[in-house]
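One letter stands for each residue in the lines below.
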Amino acid sequence: MVRLFPKQPAPGTRGRLLSRLRGDIGGGIVSALMTVPYGMALSLAIGLSPEAGLYTSIIGNVIAGFLSSSPVMISGLSATAVPVLAVVVKNHGVGAALAVGLMTGLIMAFVGIMRVGRFANYLPPSIVSAFTCGLGVVICATQLKVVFGVTPVPIGFDMGIVDDIAGVVGALPSANPQAMLVAGVVAVVMALFPNWKENVPSSLVEWSSLR
C-alpha cells in the first residue's frame, strides 16, 4: 500500500514522478496495442473465440500490475502455453483450461517461494533452443489454415502437426486469396521493417497498417 499510495512525496521527486507517469502512459498504450491483438491471436490458436484473448489480456495485466513490485514489468500471454491449452480445450473444454491455468499459477507461486527457478540457469542452451524451435513449428503448423483461409480436410493420422499440415494441403484448392495476401503483408513487414527502424516494433506497425 505504501508503494501504491505514498503519503507525501519527498522534496524534488514530484518532477521525476510526473516524468515517470508520462513514460508509463506511453509505454502502457504501446504495450496494449501489441498485447491485445497478440492475446486474441493466441486465443484463436488455442481454439477459443478472440474475445477470450481480449479479456485475459486486460484482466491479467491489471492483476499483475497490482501484485508486482517491478516498475518496468510488462505482463502478457505466452505462446509456450498454446500447444498444451489447445489439446486441453479440444478434449476437455474451456473449464479444464481454466483449471490448468489455476494449477499452473499455484505451481509457479510455489516455485517462486522456494526459489527453485534459479536452477533453470543450469539447463543447457540446446534444450531451450530445441523447445523454442519445436514450439514455433507447432504454432506455424496449426495456423496454416488461417494463412490460406481454408477449413482443413479431416485427416485420421492422429499425429498432431502432421494432421494439421496434411489437412491444409488437402484443402488448398479452396484457398482464399485475401487471407493469403494479408498473411503475406504481415510476414513482409515483420521481416523487413526492423532493418529500417529498429526502435519501432514491427508488430505494432503491421497491426496498425492492417487496421
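What you see is a predicted model, and the numbers here were worked out from it, not measured in a lab.

Draft legend 1. Molecular detail of the overall build of the protein. When helices and strands are tallied, the protein shows 9 helices and 0 strands. For the protein, the sequential pattern of α-helices and β-strands runs α-α-α-α-α-α-α-α-α. Classification of the 211 residues of the protein by burial places 16% in the buried group. Within the structure as shown, the protein displays about 15,100 Å² of accessible surface, and the carbon and sulfur contribution to it stands at 72%.

Draft legend 2. Region of the structure containing the packing of aromatic side chains. Enumeration over the complete set of coordinates arrives at 1 aromatic pair. Where Phe 119 meets Tyr 122, the ring centres are 6.4 Å apart and the plane angle is 35 degrees; that geometry is what we call tilted. Given a relative accessible area of 48%, Phe 119 falls into the partly exposed group. Taking the relative accessible area as the measure of exposure, Tyr 122 reaches 68% and is therefore exposed.

Draft legend 3. Representation of the nonpolar core. If you look at the biggest cluster of nonpolar residues, it comprises 9 residues: Leu 42, Ala 45, Ile 46, Ala 79, Val 82, Leu 85, Val 88, Val 89 and Ala 97. Tallying contributions element by element places helix H3 (residues 82-92) first for this core, with 4 residues.

Draft legend 4. Structural view of a nonpolar patch on the surface. A cluster of nonpolar residues, Val 137, Phe 157, Met 159, Ile 161, Val 162, Ile 165, Val 169 and Leu 172, forms a patch on the protein surface that exposes about 670 Å² of accessible area. Examining the composition of the nonpolar patch, we find that 4 residues originate from one element, helix H7 (residues 161-170), more than from any other. Inspection of the secondary structure assignment puts Ile 161 in helix H7.

Draft legend 5. Layout of the side chain of Asp 163. Inspection of the secondary structure assignment puts Asp 163 in helix H7. Buried and unpaired, Asp 163 has no salt bridge, with Lys 90 as the nearest side chain of opposite charge at 7.5 Å. When residues no more than four places from it in sequence are discounted, the contact partners of Asp 163 are Ile 155, Gly 156, Phe 157 and Asp 158.

Draft legend 6. Seen up close, the packing of helix H5 (residues 125-142) against H7. At a minimum axis distance of 8 Å, the contact between H5 and H7 shows a crossing angle of 35 degrees. The hand of the H5/H7 crossing is left-handed. Contacts between H5 and H7 involve Val 137, Val 138, Ala 141 and Thr 142 from the former and Ile 161, Asp 164 and Ile 165 from the latter. Broken down by class, the residue content of the contact of H5 with H7 amounts to 5 nonpolar, 1 polar and 1 charged.

About the cut-offs
Residues numbered from 1 in each chain as written. Predicted model: local features only at pLDDT ≥ 70, side-chain atom pairs only at ≥ 80, totals over all residues. Heavy atoms only, no water. Helix = DSSP H or I, 4+ residues; strand = E, 2+ residues; numbered from the N terminus. Buried < 20%, exposed > 50% of the residue type's maximum accessible area, 1.4 Å probe, protein only. Areas by Shrake-Rupley, 256 points an atom, 1.4 Å probe, with all protein chains shown as cover. Phe/Tyr/Trp six-rings, centres within 6.5 Å; stacked < 30°, edge-to-face > 60°. Core = buried A, V, L, I, M, F, W, Y, C linked by side-chain atoms within 4.5 Å. Patch = residues over 30% accessible without salt bridge, like charges linked within 9 Å, V, L, I, M, F, W, Y side chains within 5 Å. Salt bridge = Lys/Arg side-chain N within 4 Å of Asp/Glu carboxyl O. Lys, Arg positive; Asp, Glu negative; His and termini not counted. Contact = heavy atoms within 4.5 Å. Axes fitted to C-alpha atoms, helices over the stretch in contact; angles between N-to-C directions. Left-handed = near helix turned anticlockwise from the far one by under 90°. Nonpolar A, V, L, I, M, F, W, Y, C, P; charged D, E, K, R; others polar.

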